Amino acid sequence: MAANMRGLTQFIADIRGARVRELEEKRINKEMANIRKKFKDGNLDGYQKKKYVAKIIFTYILGYKVDVGHMEAVNLISSSKYSEKQIGYLAVTLLMHENSDFLRLVVNSIRKDLDENNEVSNCLALHAIANVGSSEMAEALSEDVHRLLISPTSQTFVKKKAALTLLRLYRKHPTVIPAAEWALRLVSIMDDQDLGVVICVTSLIMALAQDHLDAYAVCYTKAVDRLHRLVIEGEYSATYAYYKVPSPWLQVKLLRLLQYYPPSEDATLRSVLHEVLQTIMNNSAEPSRNVQHNNAQHAVLFEAISLAIHLDASSPLVGTSAVLLARFISSKETNVRYLGLDTMAHLAARADSLEPLKKHQGTIILSLRDKDISVRRRALDLLYSMCDTDNSELIVGELLRYLKVADYALREEMVLKIAILTEKYANSYKWYVDTILQLISAAGDHVGDEVWYRVVQIVTNTEDLQEYAAKVVFEHLKSPSTHESLVKVGGYILGEYGHLIANDTGYSPLEQFQVLHSKSQFCVASTRSLLLSTYIKWVNVFPEIKPQLINIFERYRHVLDAELQQRACEFYSLASRPDDDEVLQNVCEEMPPFPPRVSALIGRLNRKLGDTEDKRTWIHGGKEMNLERHANSRKATLGSGSSAAGTAAVTGTADAQDVMSSLAGLNLSSSNDQPDSSRMDGSVVAPRVAVGPSVEKWFSKLIYSADGVLYEDVQIQIGIKSRYQGHLGQLAIYLGNKISVPLTSFTSTIHVNDSEALSATFAKIPPNTLVPRTQSQQLLHVECKKAFSSFPILTVSFLAGAHQSISIRLPISVTKFIEGVKLGQADFFERWKVIGGPPREAQAVFPITLDGTGQLDLVRYRQVVSGNHLEILEDVDPNPSNLVAAGVLHTSVDGKVGCLLRLEPNREAKLCRLTVRSTSEDVAAEVLRLIEKLLRLDYS
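The rules behind each value
Within every chain, residues take consecutive numbers counted from 1 along the sequence as written. Owing to the predicted nature of the model, reporting of local features is limited to residues with pLDDT of at least 70; listing and counting of side-chain atom pairs is limited to 80 or more, with chain, interface and lining totals taken over all residues. The side-chain quantities take in all heavy atoms of the structure and omit both hydrogens and water. In this text, helices come from DSSP runs of H or I with a minimum length of four residues, and strands from runs of E with a minimum of two, each type numbered from the N-terminal end. For every residue, the accessible area obtained with a 1.4 Å probe (protein chains only) is divided by the maximum for its type, and the residue is called buried under 20%, exposed over 50%, and partly exposed between those limits. Angles here are taken between N-to-C directions and fall from 0 to 180 degrees, while the axes themselves are lines fitted to C-alpha atoms, restricted in helices to the stretch in contact. Orientation labels follow simple angle bins: below 35 degrees gives roughly parallel, above 145 gives roughly antiparallel, 65 to 115 gives roughly perpendicular, and whatever is left gives oblique. The handedness criterion is simple: a crossing whose near helix is rotated anticlockwise from the far helix by less than a right angle is left-handed, and one whose near helix is rotated clockwise is right-handed. Here a residue-residue contact requires only that any non-hydrogen atoms of the pair lie within 4.5 Å. Side-chain classes follow a simple rule in which Ala, Val, Leu, Ile, Met, Phe, Trp, Tyr, Cys and Pro form the nonpolar group, Asp, Glu, Lys and Arg form the charged group, and the remainder, Gly included, forms the polar group. Salt bridge criterion: a side-chain nitrogen from Lys or Arg within 4 Å of a carboxyl oxygen from Asp or Glu. Two aromatic rings from Phe, Tyr or Trp, using only the six-membered ring of Trp, form a pair when their centres are within 6.5 Å; if the ring planes differ by under 30 degrees the pair is stacked, by over 60 it is edge-to-face, and anything between is tilted. For two strands to be treated as a pair, DSSP must find at least two bridges joining them. For a helix, the expected span equals 1.5 Å multiplied by the residue count minus one. Every residue is assigned a pLDDT by the predictor, reflecting its confidence on a scale from 0 to 100. Buried Ala, Val, Leu, Ile, Met, Phe, Trp, Tyr and Cys residues form a nonpolar core when they are joined through side-chain atoms within 4.5 Å.

> How should the overall build of the protein be read in this particular structure?
On a plain count of helices and strands, the protein comes out with 38 helices and 16 strands. Here the protein holds 940 residues, and 51% of them are scored as buried.

So this is what it looks like as structure tokens:
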């Protein structure tokens, strides 16, 4: 840049040649005066503007304030020359903050560069948007950036920059980006042939999916498919192999993305994922001598282990992971030890059994004394997560010993965790009191009020503990140096329960008073106020030391602190009343038990740890805490109606618990096939299905036939061939590309409204490209678990110029799982009577259409009934126009369900009566609904 502009080169040389700051400032002031004069005179060509703005940029980089050149930078952006445009964009991004008024002037120029068919201009504009990223710019240009990203004509490096620009805008202004609306189109780019584009888009989707899980659910299949192609099939170019590891950055992102979603119910996806994870672990079994290769391999491995734990903490893969992690926590590499401990904490947070981790408890405890503080912190987190009733005394004891020498940065967090573990896993209340008082003595200023508040609650609510607590706290107070938090605990407990030990040797009222009062001179006003409350309690129960106590109240009546003075005056007045006065006794009654409240310690710990950009899918603290967090997350999500609001509510749940909440209780002063979006069961809203006369006709015909066309337009044809046996079924879905270009980023997904009644999974992951003028087959396995009433929905999306998505109902009804049964006349009517009438009978009378000759269309009636897998029984009904049928519905959960049918058409009245009886009233109603709808249809 400077080589082409002699004036700029000379200016830089002069600045560098200045021996003292005063000479440098003098040279800069001279140059700035000259630039102002040139700009004021005007008539500058592009080269001169570029040169002067470059000098201004250099001055700004040196740290000097710049108040000139903004308008010239705006003008340079509009230049057709690259060198001038580049300087203009550089000046805009450096000199203008996001609230600058000048930015409004450059929006149109940036949009023009985004629209140009010139990748260099596109990239300069994207850089400016990402660097400045103002709210106004995001609102005005986010659509243009999105268009560049999805355009089939955009260069790969433009797509990469566009994806990262959108990510930047979303992080700064999430409400501006219509994330849910763009979901399918963005996810389709995960099939791009260039892995660089895929990495950038995956980064964007990771951010968007965290707040819009349902909208981006289709990315789960894409991520699994891409991992399979990378790890198993080796489908990547040599450019993206980092020390023989295929694109480790992309692998890590995809493995992390899968952890945002609950484990898939799809057996095919689970099988493919298992194969991928197993391969990754096998590849990392033996370390390489190449450090860079090991780093890449370990990055992928640790994320794979986290995903394996997320999918199923009791799987054999996790057993293999535990063995690998045991090796890593003893590694010489600090990074490997750190990641090993962190991943082991994840395992402890999800595992049903902690036994595999307890084998390495000694190594983990030794990690508390590691030379690296980050490793020490991870060791603390792991011990916190793997603690249970069996090892709690050992772990808490080790943490207490380490607390005395721990880093100040760790101490507050350690105190909270020790207090939580002590309370949660205490085998006896005496051990709890001993440990907490040791903690308060050792930690000192790092003990928050929540800790001693909680001790007071538990001692107050546990009558058997009160005498022991009074003795122990008295012994602690006798030590020469006592922290103020311990004085507070001692003041409360001795004030309430000191009378329980007053008759024991060494614990007389006078000794209690002398020990406690000797500490007061080193305490702040709030603690002294608490001690005055202790003294008034003693006035009531220890009359032998009443004169000393009244003397203290008298002295404190004249202090400057208003709170202390008020208490002293009130307590002096109470203590001076006659001995037989009941007011003092009533005021100084023993504290009643506190109502049960959740400990505020966990809320304090969660507030301290906070949330990160990348939301964790687990928290430290064992399986119970993670299950509780998951339950709170689900409640918050259902209450808010969206994933994003749910996440906010989850983090707020713990945060809302402050110190006083733990002491609360004191008086201190219409139905259809598609689910509705407002459903409170948390189910995903079904996609909107395609409609049309032909679509409805094809679908209805396939309800009572095994094969045929399900959907067809100018681009694609979808056909079905099916077979059923018992409660299982198999559909061959034929997808035909009717045009002369491939359908890329092809995705097929199945939405089942009630997964507990019906499961539908593809036999393998569908291919992502449909070759021109060819047909592809996908096998779908279905299982009927219970009776169901809604049809599964198949959604296919693809790129054919633009992104298109089609959702159609699959003709999988409950009658497909019925097997016809042959019955004689006597057997049929006997079973008919046994089942009886409503509610196990469903009946409907509806109009019918006669055929062209004015007769009943008995052939079609028989086709519909037999096509629904019911066996038509001959010679059972004396009326030849009537149809009688029987069948048994097979389900894997509810077993077999009998079903009988009578169809009675009337030619003269043009009406038909349909009666269905079944041992299940739901089955009767559903069979009636299906067959009635088919018989009402007029195909003439």
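> What's the story with the packing of helix H37 (residues 858–867) against helix H38 (residues 921–936) in this structure? I'm lost.
Interaxial distance between H37 and H38 falls to 10 Å at its minimum, and their mutual angle equals 150°. Relative to H38, H37 is oriented roughly antiparallel. Crossing hand, H37 versus H38: right-handed. Within the contact between the two elements, H37 uses Arg 860, Tyr 861 and Val 864 and H38 uses Ile 931, Leu 934 and Leu 935. Broken down by class, the residue content of the contact of H37 with H38 amounts to five nonpolar, no polar and one charged.

> What exactly am I supposed to notice about the side chain of Thr 761 here?
Here Thr 761 lies in strand E7 (residues 758–762). Exposure remark for Thr 761: the relative accessible area of 17% places this residue in the buried category. When near neighbours in sequence (up to four residues on either side) are disregarded, Thr 761 contacts Glu 265, Asp 266, Ala 267, Leu 779, Leu 780 and His 781.

> Any chance you could explain the environment of Tyr 429 here in plain terms?
Tracing the backbone through its elements, the reader meets Tyr 429 in helix H23 (residues 429–443). The spatial distance from the C-alpha of Tyr 429 to the C-alpha of Leu 465 is 6.7 Å, given a sequence separation of 36 residues. In contact with Tyr 429, other than residues within four places in its own chain, are Ile 458, Thr 462 and Leu 465.

> Explain the pattern of salt bridges to me, please; I cannot follow it from the model alone.
Any two side chains of opposite charge can pair if their charged atoms end up close together. This structure, assessed with the given rule, holds 46 salt bridges. The partner of Asp 381 in a salt bridge is Arg 378, and the shortest N-O contact between them spans 2.5 Å. Note that Asp 381 and Arg 378 are positioned in helix H20 (residues 373–386) at a spacing of three residues, about one turn of the helix. Judged on exposure class, the residue Asp 381 and its partner Arg 378 are both buried. Two residues, Lys 471 and Asp 504, come together in a salt bridge whose shortest N-O distance is 3.1 Å.

> How do you make sense of the packing of aromatic side chains when you look at a structure like this?
For any two aromatic rings, the description comes down to two numbers: the centre-to-centre distance and the angle of the planes. Enumeration according to the criterion identifies 18 aromatic pairs in this entry. Ring centres of Phe 699 and Phe 791 lie 4.9 Å apart, and the angle between their planes is 90°; this geometry places the pair in the edge-to-face category. Of this pair, Phe 699 sits in helix H35 (residues 693–703) while Phe 791 is found in the loop between strand E8 (775–784) and strand E9 (793–800), placing the two residues 92 residues apart along the sequence. Summarising the burial analysis for this pair, Phe 699 and Phe 791 share the class buried. Through a chain of ring-to-ring contacts, three or more aromatic side chains come together here, namely Phe 513, Tyr 535, Trp 538 and Phe 542.

> Looking at this structure, how should I read H37?
Because each turn of an α-helix spans 3.6 residues, side chains separated by three or four positions end up pointing in the same direction. By the burial criterion, the buried members of H37 are Arg 860, Tyr 861, Val 864, Val 865 and Gly 867. Buried residues along H37 sit in contact with H35, strand E13 (871–872), strand E14 (883–890), strand E15 (896–906) and H38.

> Hey, could you run me through the sheet that holds E7 in this one?
Each strand in a sheet pairs with its neighbour through backbone hydrogen bonds, running either in the same direction (parallel) or in the opposite one (antiparallel). Pairing within the open sheet is antiparallel, and its five strands lie in the order E3-E4-E5-E8-E7. The open sheet has two free edges, formed respectively by strand E3 (707–712) and E7, since each of these has just one partner strand. On average, each strand axis in the sheet is inclined to that of its neighbour by 25°, with strand direction left out of account. Of the strand pairs in this sheet, strand E5 (residues 728–737) and E8 are connected by nine bridges, and their pairing is antiparallel. Within E8, the position partnered with Gly 736 by the bridge is Gln 775. Helix-sheet contacts for H35 involve E3 and strand E4 (716–725), and the interaxial angle to E3 is about 155°.

> Even after reading the chapter, I still don't get helix H25 (residues 466–477), so can you show me in this structure?
Here H25 spans 16 Å end to end across twelve residues, near enough to the 16 Å set by a 1.5 Å rise per residue. Residues Gln 466, Ala 469, Ala 470, Val 472, Val 473, Phe 474 and Leu 477 constitute the buried set of H25. Those residues of H25 that are buried are in contact with H23, helix H24 (449–461), helix H26 (484–497) and helix H27 (509–520).

> Help me understand unusual backbone geometry in this model?
With the exception of glycine, most residues fall at negative phi, and the peptide bonds are largely trans. Residue Pro 838 is joined to Pro 839 through a cis peptide bond whose omega torsion reads 10°. Looking at the element boundaries, Pro 839 is found in the loop between helix H36 (825–835) and strand E12 (841–847). Residue Tyr 243 is not a glycine yet carries a positive backbone phi of 50°. Its identity is not glycine, yet Lys 244 carries a phi of approximately 70°, on the positive side. You can see Lys 244 is positioned in the loop between strand E1 (241–242) and strand E2 (245–246).

> Hey, could you run me through the sheet that holds strand E6 (residues 744–751) in this one?
Taken together, three strands build an open sheet; the order of strands is E6-E9-E10 and the sheet is antiparallel. At either end of the open sheet lies a strand with only one pairing partner, and these are E6 and strand E10 (802–809). Recorded for the sheet is a direction-independent mean angle of 15° between the axes of neighbouring strands. As paired strands, E6 and E9 are joined by six bridges and run antiparallel to one another. For Thr 744, the partnering residue across the bridge sits in E9 and is Leu 799.

> Help me understand the confidence of the model for the protein in this model?
Regions with low pLDDT should not have their predicted coordinates read in detail. A residue-level look at the protein finds 90% of positions with pLDDT of 70 or above and a mean pLDDT of 85. Between residues 640–683, whose pLDDT stays under 50, and residues either more than four places distant or in other chains, the model counts 67 contacts.

> It is not clear to me how the nonpolar core should be interpreted in this structure. Could you clarify?
Grouped burial of nonpolar side chains is what soluble globular proteins tend to show. Counting residues in each nonpolar core, the largest one holds 211 residues, and the members touching the most others are Ile 110, Tyr 216 and Leu 439. The leading source of residues in this core is helix H11 (residues 195–211), at twelve residues. In contact with Leu 439, other than residues within four places in its own chain, are Leu 400, Leu 403, Val 415, Ile 418, Ala 419, Gly 444, Val 447 and Val 451.

> Is there a simple way to explain the pairing of E4 in this structure?
Successive side chains on a regular strand alternate, one facing one side of the sheet and the next facing the other. Here E3 pairs with E4 via five bridges, running antiparallel. Residue pairing in the sheet places Gly 708 in a bridge with Ile 720 of E4. The hairpin formed by E3 and E4 contains three residues between the paired strands. When E4 meets E5, the two strands line up antiparallel, connected through ten bridges. In the sheet register, Tyr 724 faces E5, and the bridge partner there is Gly 729. The antiparallel pairing of E4 with E5 creates a hairpin that spans two residues between the two strands, and Gly 726 there sits at a positive phi of about 65°.

> What should I look at first to understand the packing of helix H29 (residues 546–556) against helix H30 (residues 562–575) in this one?
Any two packed helices are characterised by how steeply their axes cross, that is the angle between the axes, and by the distance between the axes. Taken N-terminus to C-terminus, the directions of H29 and H30 make an angle of 145°; their axes are 8 Å apart at the nearest point. The handedness of the crossing between H29 and H30 is left-handed. Each of Lys 546, Ile 550, Phe 553, Glu 554 and Tyr 556 in H29 lies in contact with H30, whose residues at this interface are Leu 564, Gln 565, Ala 568, Phe 571, Tyr 572 and Ala 575. The class makeup of the residues in the contact of H29 with H30 is eight nonpolar, one polar and two charged.

> What is the right way to look at the pairing of E9 in this model?
In terms of residue burial, E9 counts as a mostly covered element, since eight of its eight residues are buried. Neither face of E9 is open: one carries Ile 793, Thr 795, Ser 797 and Leu 799, the other Leu 794, Val 796, Phe 798 and Ala 800, and all of them are buried. In the sheet, E9 pairs with E10 via eight bridges, with the strands oriented antiparallel. Along E10, the bridge assignment pairs Leu 799 with His 803.

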